[in-house]
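Next come the chains, spelled out residue by residue.
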Amino acid sequence: MSRALIAGAVLGAGLVTGGILIQSGAWHEADASTASPRLLDQVVARVSRFYVDSIPVDELYRRAAFGAVKEIEDPYSVLLTPERVGRLRASTTGRYAGIGVELDLRDGFVTVVAPLLGTPADSAGITPGVRVASIDGRSTYGLSMDEIEQALRGPVGSTIRLTIERGDSTPTLTLRRRMIELHPVQHSEVLPVGIGYVELATFSQQAAAEVRRAVESLRARGARSLILDLRKNPGGLLEQGIAVADLFLDSRQRIASTRGRTADANHDFADETPQLWRGMPIVALVDSGTASAAEIVAGALQDNDRAVVIGSPTYGKGSAQTLLTLLDGHALELTTARWFTPRGRAIERDSTKGGITPDVVVRSPETQPPPPGARGARGAPNQASLRADVVVARAMQLLSGVTSPDELRKRAPRSP
């Protein structure tokens, strides 16, 4: 059967925030091991016989299975209960209950990748890169993503308190959970001198279809070049990331690849259809909140010289997980590979490399949190706010008077 790959987005964060990156289709059946786990059998037998309290053997093996995955010490590998498998399936539809923030673990700390536009996290002024120190008074340091997910979950309308580390301050924010509906294209319009602008906030279902409709509409209204805004886009469905890249590339051009220990973990993703807007100059905007599927798209457009990438270095979320179906409705999410751009650059960030480096580095000023009750710091853009955006302004400057991708690339040589 085909594999279900999660590339770059943490399962726990995805279920809570919608940032999961998963491929649709059948899930992979795990092969039963023929090796005799003698040590485990001996431990289970002795605990079952001698422990002061009675614990059924089946329950001991179940706990051992959860413990074995935890002992891998990989924050993205987790054994899922049937209930969590059901929530995972529901989360990929783009509608879920939560606060709308994509989280990751960096050096043991819970770190914000990006809030989603218009969600409680965005309205509270939570920005990429801040650490979540505690959830409802419980320290997050050393917790797994599974434990973080459990702490963040709750019914619609309930409140949650997050203590965040923002510079030297550690404010505690109270957020109210609500149903989050992810709309991939948040905004599109025609800017001066025929430049189209599309803000793609997530890669939930219909992302590629919405991008296609938005660009076609902009072209019908006179746009002849395009700014694709991937800033604060934490990722989403793998297939939608591939499909969005497919819109802009030629057939058989490489989009991304995965590399792991086993043969079936190695896979090359390539464009399958002719590009729709050949000759249309494109600038892609990225920042530290650009992660996962958004990094795959930015890297594919950059490596194939299809777009100039402008902004600041991306987050660097490039590990790939496989979902393996197990007995009784359980499933194992296991890190099996890492993602690479068409030129072989690792997306997963470490101390020396990773993420997507822009061709033109332009850093936006730090955004101040909005006052209580105000809309999120990102807000719905308009002509005035877009022109005041230093990254958008630089993109417009590069695109002004450009009539082809080659001419645009000459103005901004590809990043090494």
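A quick note: this is a predicted structure, and the numbers were derived from the prediction, not measured.

## Observations regarding the pairing of strand β19 (residues 319–325)
β19 sits mainly inside the fold: 7 of its 7 residues count as buried. Burial along β19 is two-sided: S319, Q321, L323 and T325 and A320, T322 and L324, pointing in opposite directions, are all buried. Here β19 runs beside strand β20 (residues 331–340); their pairing, made up of 7 bridges, is antiparallel. Residue pairing in the sheet places A320 in a bridge with A337 of β20. Taking the residues that link successive antiparallel strands as the turn, the β19-β20 hairpin has 5 residues, and the phi of D328 there is positive, at about 60 degrees.

## Points about helix α7 (residues 207–220)
The end-to-end C-alpha distance of α7 is 20 Å, a good match for the 20 Å that 14 residues give at a rise of 1.5 Å each. Where α7 is concerned, the buried positions are A207, A208, E210, V211, A214, V215 and L218. Projected down its long axis, α7 shows its buried positions confined to an angular sector of 160 degrees, all on one face. Those residues of α7 that are exposed and aimed more than 90 degrees away from the buried face are R213 and A220. G222 occupies a position one or two residues after α7 and carries a positive phi of about 110 degrees.

## Focus: the packing of aromatic side chains
All told, the structure shown has 3 aromatic pairs when counted by the stated rule. With a centroid separation of 5.4 Å and an interplanar angle of 50 degrees, the aromatic rings of F248 and W277 are classed as tilted. With F248 in helix α8 (residues 238–248) and W277 in the loop between β16 (267–270) and β17 (282–286), this residue pair connects regions lying 29 residues apart in the sequence. Judged by its relative accessible area of 3%, W277 falls in the buried class.

Conventions we followed
Residues numbered from 1 in each chain as written. Predicted model: local features only at pLDDT ≥ 70, side-chain atom pairs only at ≥ 80, totals over all residues. Heavy atoms only, no water. Buried < 20%, exposed > 50% of the residue type's maximum accessible area, 1.4 Å probe, protein only. Helix = DSSP H or I, 4+ residues; strand = E, 2+ residues; numbered from the N terminus. Pairing = 2+ DSSP bridges. Expected span 1.5 Å × (residues − 1). Arc of directions from axis to C-beta. Phe/Tyr/Trp six-rings, centres within 6.5 Å; stacked < 30°, edge-to-face > 60°.

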